[in-house]
Amino acid sequence: MSVMSNAALALSTGRRYRAFTTRHLEELTTRAGLAADERLAVQAVAHVLPFRTNSYVVDELIDWDAAPDDPIYRLVFPQADMLPAEDVSRMVDLLRSGAPTLELNAAANQIRAKLNPHPAGQMELNVPKLANEEPVPGLQHKYKETVLIFPKQGQTCHAYCTYCFRWAQFVGDADLKFASREIAPLVEYIRSHPEVTNVLFTGGDPMIMSEAVLAKYIEPLLEIEHLEAIRIGTKALAYWPQRFVTDADADDTLRLFEKVVASGKSLAFMAHFSHPTEMVPEIVQEAVRRIRSTGAVIRTQAPLIRTINDDPAIWESMWRTHLRHGMVPYYMFVERDTGPQDYFAVPLAQAYDIFRGAYQKVSGLARTVRGPSMSATPGKVCVDGVTEIAGEKVFVLHFIQSRDPELVGKPFFAKYDEKASWLFDLKPALGATHFPWETPAT
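Rules used in this analysis
Residues numbered from 1 in each chain as written. Predicted model: local features only at pLDDT ≥ 70, side-chain atom pairs only at ≥ 80, totals over all residues. Heavy atoms only, no water. Helix = DSSP H or I, 4+ residues; strand = E, 2+ residues; numbered from the N terminus. Buried < 20%, exposed > 50% of the residue type's maximum accessible area, 1.4 Å probe, protein only. Phe/Tyr/Trp six-rings, centres within 6.5 Å; stacked < 30°, edge-to-face > 60°. Lys NZ or Arg CZ within 6 Å of the ring centre and 35° of its normal. Polar contact = N/O pair within 3.5 Å; in protein donor to acceptor, adjacent residues only side chain to side chain. Contact = heavy atoms within 4.5 Å. Pairing = 2+ DSSP bridges. Axes fitted to C-alpha atoms, helices over the stretch in contact; angles between N-to-C directions. Salt bridge = Lys/Arg side-chain N within 4 Å of Asp/Glu carboxyl O.

In this section: unusual backbone geometry. In this structure, the amide linkage connecting Ala-67 to the following residue, Pro-68, adopts the cis form with an omega of 5 degrees. Note that Pro-68 resides in the loop between α4 (55-61) and α5 (71-76). You will see that Thr-307, though not glycine, has its phi angle at about 75 degrees, which is positive. Classification of Thr-307 by relative accessible area gives partly exposed; the value is 28%. Non-glycine residue Leu-430 carries a positive phi angle of around 55 degrees. As for its position among the elements, Leu-430 is in the segment after β13 (411-415). A residue is classified by how much of its surface remains accessible, and Leu-430, at 37% relative accessible area, is partly exposed.

In this section: the packing of aromatic side chains. For the structure shown, the criterion picks out 21 aromatic pairs. With 6.3 Å between their ring centres and 85 degrees between their planes, Phe-201 and Tyr-217 make a pair best called edge-to-face. With Phe-201 in strand β5 (residues 198-201) and Tyr-217 in helix α9 (residues 211-218), the pair connects residues that are 16 residues apart, well separated along the chain. Judged on exposure class, the residue Phe-201 and its partner Tyr-217 are both buried. Note on Tyr-343 and Phe-344: the rings are 4.8 Å apart at their centroids and 85 degrees apart in plane angle, and the pair reads as edge-to-face. Accessibility expressed as a relative area gives 8% for Tyr-343, which makes it buried. By relative accessible area, which is 0% here, Phe-344 ends up buried. Across the ring face of Tyr-239, the terminal group of Lys-235 is positioned such that the distance to the ring centre comes to 5.0 Å. In this arrangement the basic side chain of Arg-367 is found over the ring face of Tyr-359, its NZ or CZ atom lying 5.2 Å from the centre.

This brings us to the side chain of Asn-54. You can see Asn-54 is positioned in strand β2 (residues 53-54). A polar contact of 3.0 Å, which involves the side chain of Asn-54, links it to the backbone oxygen of His-158. Sequence-distant contacts of Asn-54, that is, excluding residues within four places in its chain, are made with Tyr-17, Arg-18, Ala-19, Phe-20, His-158, Ala-159, Tyr-239 and Trp-240.

Okay, the sheet that holds strand β9 (residues 328-334) next. Across the sheet, which stays open at both edges, the eleven strands sit in the order β3-β4-β5-β6-β7-β8-β9-β10-β11-β12-β13 with mixed pairing between neighbours. Each edge of the sheet is formed by a strand with only one pairing partner; in this case those strands are β3 (139-143) and β13. Put simply, the sheet's adjacent strands are angled 30 degrees from each other on average, direction ignored. Looking at chain direction, β3 and strand β4 (residues 146-149) are connected through three bridges and run antiparallel. When the bridges of β4 are listed, Tyr-143 appears paired with Thr-146. Its contacts with the sheet place helix α15 (residues 348-359) against β8 (297-304), β9, β10 (370-376), β11 (379-389) and β12 (392-402), and it is angled at close to 145 degrees to β10.

Our focus in this paragraph is the pattern of salt bridges. Should their charged atoms come close, side chains of opposite charge can pair. Counted by the stated rule, this structure contains nine salt bridges. The salt bridge partner of Lys-114 is Asp-87, with a shortest N-O separation of 3.1 Å. Taken together, the residues Lys-114 in the loop between α7 (101-112) and β3 and Asp-87 in helix α6 (residues 85-96) connect sequence positions 27 residues apart. On the accessibility criterion, Asp-87 (6% relative accessible area) is buried. Notably, a salt bridge pairs Arg-320 with Glu-316, separated by 2.8 Å at the nearest N-O pair. On the criterion of helical spacing, the pair formed by Arg-320 and Glu-316 is a turn pair, its members being four residues apart in helix α13 (residues 312-324). According to the relative accessible area criterion, Arg-320 is partly exposed, its value standing at 42%.

Nothing here speaks to function; it is geometry throughout.
Take a look at the structure:
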């Protein structure tokens, strides 16, 4: 563990976590220069999709002179056109009329139901069962080697991303939420499945939890011999780096990380960075250094998001910066088919051009990154390129991971479609009647 530099300490001294929610939107959107009708439209969207940010993001990351076009502002603040115009108008009318909360919530729930709150079969296909066929709350087991753990206490974040595919976790509807209620069944499930070699703590954000709570989940796993790696998916480095530097339990958290590494298991810290601005503050760089000093490996990932990071120069800058600070570029994701996908999604052809444009500009050390990658129902699919075969222009793709292990690593082809933005927008190419994961029509 390290002593924080004077400069970094000056940045964080006196800063305590303060959340901003929908009740602060009027003040903050006024600061961004939005007119009254624009502010009301943002309020309307925020009644459907979650909004939460904090003092660090507001004071250190957003360039308010550039708002509302600043990329970090767009990353955390709802946009009036994120939802279909008729849905926004409906919510605006209710707000203007002073509709009661029950009526507002009912309208919001109807709109949410149209947004595919649990993509890729999360509810139907991913929830494992015990021997008595009882489902295990708070677990997902999509791929045989990996189990996802959703700790009950980690189902919120220091701030919410507007594009987040897990938005359904944050809207207060218990039917849309994944969360564990007890730790013992999670541990027992993993112990009884020797094919599981790694677990991923996700949410929400596991790093919203205190060290004491996080330890209750992690420490029992250290005794499971067949478990090789523990992963923690988090945006905390970008949204609240104080968690690892100056928070009251920052040192205890790092000691927990050291304990994982000392147990002989790998600790992979899956850090979400969406824009180069998030790496600028010195306290972030100090947090990265402290985490790495425990023996943990930090891998970086983010989705490609229209109006926020849809430029190869942005990704080149991110990957080079991450590498400079000892982190491993890992994934460029494609925006999932949920929530305001139509607003944020970048067509696959453009996504590939952006990925390739950045990939060409970095050294081999940063070419650990994979993408553009789609986490779809049949598995994790990577767009490898665009080419022409026998006179037909096609996408070349392969499965990085799959429900069916036989598909992993095998290339397949789809007809080129410049408008397609998701796997299910594509059609088989080269005379094929179905994709490898599909059952042939009889």
